[in-house]
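Okay, here's what each chain looks like letter by letter:
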Amino acid sequence: MGARGLYVGRRAAALLAALLLALLAALLALAALYGRCRQEEPPSPRPPRPSPTAPRLTAPPGPAPAAASDRRLPRNLLPLHYDLELWPQVRPGQAGPFAFSGQVNITVHCLQDTDAAVLHSSGLRSHGAGVVRGPLSEKGAVVEVAGLRMDAASEVAVLELRGRLLAGRRYVLQLGFQGRLEEDLDGLFLTRYTDQGLSSMLIASQLEPTYARTVYPCFDEPAMKATFNIRIVHDPSYVALSNMPAIDISEMKDENGSLWTVTKFNTSLKMSTYLTAFVVCDFDYVTRTERGNEIRIWARKEAVKSGYVDYALNVTGPIFSFLEDLLNVSYPLPKTDLVALPDFGAGAMENWGLMTFHESSLMYRPSDKFTSRKAMIAIIVSHELGHQWFGNLVTMNWWNDLWLNEGLASYFEYLGAIIVEPTLSLDKIFYDHVVQPVLREDNERGVRSLSQTEEKIKGSFSLISLFDSITYSKGASITWMLSGFLTEKLFIRALTSYLKEFSFSNANQDDLWIHIQMVVDAQNEVQLPASVKQIMDSWTCQNGFPVLTLNLTTGTISQEQFLNKKNENRTDSYNNTWIIPISWMRNGSSQPLMWLDKSSKVFPEMQVSESEYDWVLLNVNLNGYYRVNYDQLNLKRLACLLENDPKAIPAVSRFQLIDDVFALTQFGYIQIETALELTKYLAREDELFIWNMVLSNLVPENLESTLKNYEVYPLLKKYLLKRMLPIYHYYAGFIRENVDALEDDYFAQVYLEKLFATACWLGLQDCLNLSSELYAKWMDNPEYKIPFLIRRTVCCYGVAVGSDKEWNFAWEMYNRTDSTKEDKDILLSAMSCAKESWLLYRYGKELLHDVLKVMGRFVNTDVQIQELQAFYNATLEEDERMATTVLLELTKIENMERRELLIEVAKWLQKNLDD
C-alpha cells in the first residue's frame, strides 16, 4: 500500500492553485522579501551503610496496594538475590516474530508468615511449574505450590502455596517465563539499524520505572534491592553485556542441535530491579581505564571506526574522577559500559555499569569544530554519571521522591560538564537551560509539587508523568539554591554523609534534610532562620514558586505565589508561604544574605535615599528560585543604570531582571511599558544569551507574521535594529571572515540563528546580502557548507531574495536521497520563504501536505484563518481537518488577546524611537 497523498488532476490543480494563491496573497504580501525561517530549540540537553552484598533484613516501607504499576507488594517477603537467565531467541537476518525466555531463582527472606508469594510480572507467560525451595536451612526441603496465578490488571504473579513460608527463614522462588520481544523501546526490546551498509539488529533494555517486570518476574520496587547473577544466552555472532563484567563464555545447543553462546556475568552489587540492564549486539568499542575502572564506549562499527565516540570516551573518565573526588565516595564497580543505541526512546539511562544512550547523545564528529555539540554530550554523560551516586548507590524509597535521583543528577551534570568543557559559563548556562525554562512552566494551576505523598501520586499521576521538567529542572534549581545558601563546602559535606549512610540502600528527602542539618549544626559560619526541613519542605512540598514585591520607600518585601492574574476564571485561593533566601546587592556592593520567612517583612537596610544612583538588586546571580517585582522607583533607577553602565549588574542578573519583567507583564503584574523601559540599553548588551531571551519575548516565533499585520512592525523595526546593529556586526564579521573563531563561543552556536533571523526579518540589508552571498556559494558548489550557526536563516532569505533559480535549487536539494531529516526540514521551511506564490504549489501533490503545514505558521488574521479553514476542509482528510480546526480556533483566541498588547507596544515605541 502506498503512502497516502492527494492526487490532483491538471484542471483541479489549476483550481487549487487559484484558491491557494488567494489564501497566500495576504501571507506573501507580509512575507514578501523578508520571509521567515523557523528556529530550532538549542540542544538541550532536551535532562546517583550496609555491605554491598549483605542486605539489611528489614522490610521496605509499604503503603496500601494500588492498581497496575503503582501496586505495592506485600511486605512479607524481602528479595536478597536473583539468579537470572535470559534467552532472546534472535538470529541475524531473522524475520520475526521474536521471543525471549528465561528462568529466575529468587532467594527471599520471609519477614511474616504467609501462604502466598506475590511478586511483579507483566506480559509474561509462565513456562513450567513454579517451585518454592526451602527453608534453605533444611536440606532438600520444598513448599508445595498449589498454583500460579497471573493477575494482568495488577501486574503481579501469585504463587499460591499448600504450606506456609515461615518468618525468619529463607526460600528460593523458581519461575520459568516467556515473553514477546517487541520493537517498542521499553522493557527488553529489539531494534533494527544499518551499519557499514548492512541491515542489523540488536537487543537492549529500558526498565525504568516499572518495566523490569515485563522482562522477568521480580520484586519491582526501588526499595527492594538485591544482588544479581545474570546469564544471557545469545547467538554466537553477538556479544552480550550486562551490569557486571563477563566472567565466563561457553556454548550450548538447543533441542534442535543449534549452537548458542552463554555469557555469564559476575555477581552484582545490591541494586534496584529497574537498574538491571541487558544488551546483545554486534558493536565495536573503544576503551580506556580510569582509576581501575574499565570504561568502554560501544557503538556501530562504522561510528567507532570514524572516531565518533572518541570524545565521549575522553570525557567520561575525567568526569568520573571529578565526582569521586568531590563527593569523597568511590565508584564501586570495576567496569562501565556506555552503549550508543541507534534508536532509544529514553534518550539516556543510568543503569549501573551499563549505561545506554541514543547514539545522537553520545556521538561527535571529529570534523565538527564547534563546542555546542561537545557540550551537549558532556552534559548528558555527566548527568548519567551523577546517577551512579544519586540513584544507583543511594536510591529513593519510592517514586514520589524521584527528584532525589533526577534533580541531583541534573544539578551535577553541569558541574561535571564544566570540568571537561571549561569555556562554558556555569551560571549562565545553568540559568538559561535549567532555571528560566522551568520558571516558565511552574506557574500554572494544577502543576504538582516537587515531592508528593505516595497516596497522591497513586491517585493522580502515572509514574511516567513524574519524569518531567518539575522533577529534573526544578529539582536542580532547588538544589542550586540550597547549595548557594549553605555554601558549596557544607552542601557537599552533607551529601557525602548522606551517600555513605545510605549506600546500597534507599532514602527519602527527610533523610537528606537530616544529614544537611547535622552538618549545619556542627558549625557556626552559616546560620539558618529555621530547620533545614522547614526551609526545604516549603520548596519541595508546595507547588509553584513565589514572586517577591519590593517597596524601596519602606524597605518592605512581600511574597505571594506567582500565578496568572489575567485568568478571570481563577477561583483558587493560595496561601503558600516560602522561607526565602535573598541574596542582594546595593549600588554594586554585595550585601549579607537575608531571609523572608513570612508573607511580608520590613528590611530597613533596603530603604533607599532620593539619589537616583541608590539602587537595590535582589536574587543576585539567581541564587533563589523566585521572581522579583520591583517598585517603579527602583525599576527606573535600574533602567538608568543599564543605559549608563550595564556591566554594573552581573550578566545572569541582567538576564533575570529582564526575563522577570516580561513574565510579570505576561501574567498581569505590571504593564508592558515597564518591561520595554529595560530594553533601551540593549545597544550596549554583548551577551547573546540575553539577546536571545529579549528577542524571544519581543519577537516570539509564533508572532513574527502577526507583528507585520499591525502598525507595530515598522516601529519595532526601527527600535530594534538601532540596538541590534553593534552585536549583529560583531558576529557578522566572524561569519564572513573567520567563523571557526566562534568554535568556543557556546551561546553563538545555539543562539546566533535567532539574532540573524530577526535581523533579516526586520529587513536589515546587510543580513539579506549575507544570506544571498552564502546561499549563492552553496549553489555554485553543493559541497560547500553554509555555517551551521545561521544555516536556516541563510536558506530562508537566500530563497526569499532570489528567484525561481534559488527555489529550484532548494527543491533539488530537498529531493536528494542523501538529505537528512534536518536537511529536509530546513529546506522545506526555506521554500516557504519564497516571494513568488506560484512556487509554493508548483510541485502539486508531492509537496502539498508539507506546504499546508508551513502555511499554518504564517496565517494569523481572522480573515486568513477563515480562508485557510475553508481550504483545509476541501483538501484534508477528516482527522486532519479536526486537528487543524482546533489549532485555528486557538489562533483566533490568541489574536484577540494579542491585539491590545500590540497596540500598547506600538504606543510606547512611538514615544521612544529616538531614545
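Keep in mind that what you see is a predicted model, and the values were worked out from it rather than measured.

Visitor: An account of the overall build of the protein chain is needed here, citing residue identities and associated values.
Guide: Counting secondary structure elements, the protein chain contains 26 helices and 30 strands. In the protein chain, buried positions account for 59% of the 915 residues. Put simply, the protein chain shows about 36200 Å² of open surface, and 50% of that area lies on carbon and sulfur atoms.

Visitor: Break down the state of the cysteines for me, citing the residues and quoting the values.
Guide: Note: disulfide means a covalent bond formed between the sulfur atoms of two cysteine side chains. In the structure shown here, the tally under the stated rule is 2 disulfides. The disulfide partner of Cys760 is Cys767, and the S-S distance across this bridge is 2.0 Å. Note on the Cys760 and Cys767 pair: the S-S dihedral is about -95°, so by sign convention the disulfide is left-handed. Here the two residues Cys760 and Cys767 agree in accessibility, since each one is buried. The partner cysteine of Cys796 in its disulfide is Cys833, sulfur to sulfur 2.1 Å.

Visitor: Kindly report on the nonpolar core, identifying the contributing residues and their values.
Guide: If you look at the biggest cluster of nonpolar residues, it comprises 292 residues, and the most contacted ones within it are Ile582 and Phe756. Among the elements that line this core, the one with the most residues is helix H17 (residues 712-737), at 13 residues. Setting aside anything within four residues of it in sequence, one finds Phe756 in contact with Tyr728, Tyr731, Ala732, Ile735, Cys767, Leu770, Ile790 and Thr793.

Visitor: Would you mind going over the side chain of Asp442 in detail, with residue names and values included?
Guide: Looking at the element boundaries, Asp442 is found in the loop between helix H6 (426-441) and helix H7 (454-460). Polar side-chain contacts of Asp442 include one of 2.9 Å to the side chain of Tyr625. Here Asp442 is in contact with Val447, Ile470, Lys474, Gly544, Phe545 and Tyr625, once residues within four sequence places are set aside.

Visitor: Could you give an account of the packing of aromatic side chains, naming the residues involved and the relevant values?
Guide: If you walk through the whole model with that rule in mind, you get 43 aromatic pairs. Each ring, one from Tyr311 and one from Tyr364, has its centre 5.6 Å from the other, and the planes form 50°; the classification is tilted. Taken as a pair, Tyr311 in helix H3 (residues 310-327) and Tyr364 in the loop between strand E21 (354-358) and helix H4 (371-386) lie far apart in primary sequence, 53 residues in all. For the residue pair Tyr311 and Tyr364, the accessibility class agrees, reading buried in each case. With centroids separated by 5.0 Å and ring planes inclined at 75°, the aromatic side chains of Phe485 and Trp595 adopt a geometry described as edge-to-face. Highlighted residues: Phe485 in helix H8 (residues 469-486) and Trp595 in strand E27 (residues 589-596), separated in sequence by 110 residues. You'll find Phe485 and Trp595 in the same group, each marked buried. An aromatic cluster is defined as three or more aromatic residues linked by ring pairs; in this entry it consists of Phe390, Tyr411, Phe412, Tyr414, Phe430, Trp480 and Phe491. Directly above the ring of Trp260 sits Arg91, whose terminal nitrogen or CZ lies 3.6 Å from the centroid.

Visitor: I'd love a proper account of H3, names of residues and values included.
Guide: In a regular helix each residue adds 1.5 Å, so 18 residues correspond to 26 Å; H3 covers 27 Å between its end C-alpha atoms and thus fits that length. Among the 18 residues in H3, 13 count as buried, and that is most of the element.

Visitor: Give a detailed account of the sheet that holds strand E24 (residues 546-551), specifying residues and quantitative values.
Guide: In spatial order, the strands read E28-E25-E24-E30; together these 4 strands make up an open sheet with mixed pairing. Sheet topology places strand E28 (600-602) and strand E30 (627-630) at the edges, where each strand pairs with a single neighbour. Taking each pair of neighbouring strands and ignoring which way they run, the sheet shows an average axis angle of 20°. The pairing of strand E25 (residues 556-561) with E28 spans 3 bridges and is antiparallel. Residue Thr556 lies in a different strand from E28, and its bridge partner there is Val602.

Visitor: I'd like a description of the environment of Gly353, backed by residues and values.
Guide: Here Gly353 shows up in the loop between strand E20 (348-349) and E21. For Gly353, a relative accessible area of 0% corresponds to the buried category. In the structure, Gly353 is positioned 35 residues away from Gln388 in sequence and 8.5 Å away in space, judged by C-alpha atoms. When sequence neighbours within four positions are dropped, the list of residues in contact with Gly353 reads Ser242, Asn243, Tyr331, Leu333, Lys335, Thr336, Asp337 and Gln388.

Visitor: Before we move on, can you summarise the confidence of the model for the protein chain with the specific residues and values?
Guide: When pLDDT is averaged along the protein chain, the result is 86; 83% of the residues meet or exceed 70. Throughout residues 1-59 the model reports pLDDT below 50, and contacts reaching past four residues in sequence, or to other chains, amount to 143 contacts. Predicted confidence for residues 61-67 stays below pLDDT 50, and this span has 16 contacts to residues more than four positions away or in other chains.

Visitor: Run through the sheet that holds strand E7 (residues 145-151), naming residues and quoting values.
Guide: The strand order across the open sheet built from 3 strands is E3-E8-E7, with neighbouring strands paired in antiparallel fashion. Each edge of the sheet is formed by a strand with only one pairing partner; in this case those strands are strand E3 (114-120) and E7. Recorded for the sheet is a direction-independent mean angle of 20° between the axes of neighbouring strands.

Visitor: Can you break down the environment of Glu501 residue by residue, with the values?
Guide: Checked against the element boundaries, Glu501 lands in helix H9 (residues 488-501). Placed 10 residues apart in sequence, Glu501 and Asp511 show a C-alpha to C-alpha distance of 9.6 Å.

Visitor: With reference to specific residues and values, describe the packing of H6 against helix H13 (residues 651-666).
Guide: At a minimum axis separation of 11 Å, H6 and H13 run at an interaxial angle of 15°. Judged on the interaxial angle alone, H13 and H6 are roughly parallel. By crossing handedness, the relation of H6 to H13 is classed as right-handed. Touching Asp427, Lys428, Tyr431, Asp432, Gln436 and Arg440 of H6 are Ala651, Val652, Phe655, Gln656, Asp659, Phe662, Ala663 and Gln666, all from H13. Partitioning the contact of H6 with H13 into residue classes produces 6 nonpolar, 3 polar and 5 charged.

Visitor: Tell me about the pattern of salt bridges, residues and numbers included.
Guide: In total, this model carries 38 salt bridges according to the counting rule given. A salt bridge links Asp597 to Lys601, with the shortest nitrogen-to-oxygen separation between them at 4.0 Å. A salt bridge links Asp660 to Arg627, with the shortest nitrogen-to-oxygen separation between them at 2.7 Å. One end of the pair, Asp660, is in helix H13; the other, Arg627, is in strand E30, with 33 residues separating them in the sequence. By the burial criterion, Asp660 is buried, and Arg627 matches it. Residues joined by salt bridges that share partners form a network here, namely Arg72, Arg75, Glu221 and Glu454.

What counts, and at which threshold
Residues numbered from 1 in each chain as written. Predicted model: local features only at pLDDT ≥ 70, side-chain atom pairs only at ≥ 80, totals over all residues. Heavy atoms only, no water. Helix = DSSP H or I, 4+ residues; strand = E, 2+ residues; numbered from the N terminus. Buried < 20%, exposed > 50% of the residue type's maximum accessible area, 1.4 Å probe, protein only. Areas by Shrake-Rupley, 256 points an atom, 1.4 Å probe, with all protein chains shown as cover. Disulfide = S-S within 2.5 Å. Core = buried A, V, L, I, M, F, W, Y, C linked by side-chain atoms within 4.5 Å. Contact = heavy atoms within 4.5 Å. Polar contact = N/O pair within 3.5 Å; in protein donor to acceptor, adjacent residues only side chain to side chain. Phe/Tyr/Trp six-rings, centres within 6.5 Å; stacked < 30°, edge-to-face > 60°. Lys NZ or Arg CZ within 6 Å of the ring centre and 35° of its normal. Expected span 1.5 Å × (residues − 1). Pairing = 2+ DSSP bridges. Axes fitted to C-alpha atoms, helices over the stretch in contact; angles between N-to-C directions. pLDDT = per-residue confidence, 0-100. Parallel < 35°, antiparallel > 145°, perpendicular 65-115°, else oblique. Left-handed = near helix turned anticlockwise from the far one by under 90°. Nonpolar A, V, L, I, M, F, W, Y, C, P; charged D, E, K, R; others polar. Salt bridge = Lys/Arg side-chain N within 4 Å of Asp/Glu carboxyl O.

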